[in-house]
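# Analysis of the macromolecular model
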Amino acid sequence: MRAQHGCGSSSDHPGTGMAFSRIRKLDAPSRGIFRRAAVMLGSLLASLFLLHCLTDRCCTITPASASASPGQASSSSGRLFEDLRSLRTKRLVYEWTPGSARSSPVLADPLAGESLLLPPPDLVASRKVSPRFAGKLSPLGEGSKKLPQALIIGVKKGGTRALLEFLRVHPDIRAVGAEPHFFDRNYENGLEWYRELMPKTLEGQITMEKTPSYFVTREVPARISAMSRDTKLIVVVRDPVTRAISDYTQTLSKKPDIPSFESLTFKNRTTGLIDTSWSAIQIGIYAKHLDNWLQYFPMGQILFVSGERLISDPAGELGRVQDFLGLKRIITDKHFYFNQTKGFPCLKKAEGSSKPHCLGKTKGRTHPNIDPEVVQRLRDFYRPFNMKFYQMTGRFFGWED
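These notes cover the structure that comes with them.

What counts, and at which threshold
Residues numbered from 1 in each chain as written. Predicted model: local features only at pLDDT ≥ 70, side-chain atom pairs only at ≥ 80, totals over all residues. Heavy atoms only, no water. Core = buried A, V, L, I, M, F, W, Y, C linked by side-chain atoms within 4.5 Å. Buried < 20%, exposed > 50% of the residue type's maximum accessible area, 1.4 Å probe, protein only. Helix = DSSP H or I, 4+ residues; strand = E, 2+ residues; numbered from the N terminus. Contact = heavy atoms within 4.5 Å. Axes fitted to C-alpha atoms, helices over the stretch in contact; angles between N-to-C directions. Parallel < 35°, antiparallel > 145°, perpendicular 65-115°, else oblique. Nonpolar A, V, L, I, M, F, W, Y, C, P; charged D, E, K, R; others polar. Salt bridge = Lys/Arg side-chain N within 4 Å of Asp/Glu carboxyl O. Phe/Tyr/Trp six-rings, centres within 6.5 Å; stacked < 30°, edge-to-face > 60°.

Once that is clear, we can look at the nonpolar core. In this structure, Ile153, Phe183, Ile224, Trp293 and Phe389 are the most contacted members of the largest nonpolar core, which totals 30 residues. Among the elements that make up this core, the one with the highest residue count is helix α12 (residues 286-293) (4 residues). Other than its neighbours up to four places away in sequence, Trp293 contacts Ile153, Tyr214, Phe215, Val220, Pro221, Ile224, Leu233 and Ile302. Judged by nonpolar contacts, the second largest core, of 28 residues, contains Ile152, Leu167, Leu303 and Phe324.

Structure, rendered in structure tokens:
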């Protein structure tokens, strides 16, 4: 009886049978819940691991560890490692504020395999840089000095200063403010001296300088080519007659006792022979100077910017320059306003400033009145040179209008 009682069928005990039936009915859903919980837990662990690596705490992982099997698993591991390191580096770069870096100690980076400068302690203390990985930021934050990849080589009184100031708004352009005159006056100082004049740049930024006299100095093309045949060259050109008058006006402001423009223009005014030895006239013979440059650089490596359009449509000309330099068109119409008093465009915000900026008082001087007959003689003189220049550059500048 006890055996029957202890081992009796469920039919003898309907309550017990119903309980077991309920348990069996719950088994399948329970297993599904457990499976979903396991998947969620696995996803959470994977996410935590990725976050762990992005905060640079798993840099002891190697792309192909000894335990990894050869083939696809090893390749995937290597790609994952590189992706994580790239993401980590980008994050660290964006977190660090470059401008405040000062001289710092050196730390060896086990990933890069090289010694790196540490950022200053005050940056680490401010938590802008993690103390453990601060050494990996200095080369990215401080940058390095490089020889220029692009030069504004001319021409004087064409609008080179305006172009340089406008270009400096672009975050990927770093330029020297003063004219180095390296390739025409200081070449004997050597390339290292020249490099030291340059601003520090980050990876992907372009180093630039402008010296307008380069375009008309015969030795310069060969010297720049010796530095780098890949250097990109920018020439701002302007109506040669207007340019000559502007050139004279600048000289007159410094030397009020110089002869008149008319007397300097001619070797003999009676015969009407133009004095091409006068620099104000000689600079405007653009075709002659360009011939010299084309012996060392292909035309595709030289961009000609219209000085007139730089005034009437600065964003349009800057767009061409940005395209030529391989940069995104960041400088647009929104950066400019036209100053009626000066008669040329100004920046709404200059580089490193939140205030409007116009070129100095030395720009936009009022030209003296020149004898119209002399102006016409000059136009006749320049016409054949201008036509040749149009043909060489494939661009019509409209200086005869």
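Remark: α12 packs on helix α15 (residues 372-393), axes separated minimally by 8 Å, with the N-to-C direction vectors making an angle of 40 degrees. In terms of orientation, α12 lies oblique with respect to α15. Residues Tyr286, Ala287, Leu290 and Asp291 of α12 lie in contact with α15, whose contacting residues are Phe385, Lys388, Phe389, Met392 and Thr393. Taken together, the residues of the contact of α12 with α15 sort by class into 6 nonpolar, 1 polar and 2 charged.

What follows is about the pairing of strand β11 (residues 302-306). Among the 5 residues of β11, 5 are classified as buried, and the element is accordingly described as predominantly covered. Neither face of β11 is open: one carries Ile302, Phe304 and Ser306, the other Leu303 and Val305, and all of them are buried.

Once that is clear, we can look at the pattern of salt bridges. Here the idea is simple: oppositely charged side chains can pair when their charged atoms come close. Inspection of every chain in the model, using the stated rule, returns 17 salt bridges. Asp247 is the partner of Arg243 in a salt bridge, and the nearest nitrogen-oxygen pair spans 3.1 Å. One end of the pair, Arg243, and the other, Asp247, are both in helix α9 (residues 240-254), 4 residues apart, so they sit about a helical turn from each other. The class for Arg243 is buried, based on a relative accessible area of 0%. Note that Arg383 is salt-bridged to Asp380, the shortest N-O span being 3.0 Å. Linking Arg383 with Asp380, this pair stays in helix α15, spanning 3 residues, or about one helical turn. One salt-bridge network, held together by shared partners, links Arg309, Asp313, Glu317, Arg320 and Arg395.

Before going further, it helps to spend a moment on the packing of aromatic side chains. For any pair of aromatic rings, geometry is given as the distance between the ring centres together with the angle between the planes. In this structure the tally under the stated criterion is 24 aromatic pairs. Aromatic pair Tyr286 and Phe389: ring centres 5.5 Å apart, planes at 55 degrees, arrangement tilted. With a gap of 103 residues between them, Tyr286 in helix α12 and Phe389 in helix α15 connect regions that are remote in the sequence. Phe389 shares its class with Tyr286; the two are buried. One aromatic cluster is present, formed by Tyr286, Phe304, Phe389, Tyr390, Phe396, Phe397 and Trp399 through successive ring pairs.

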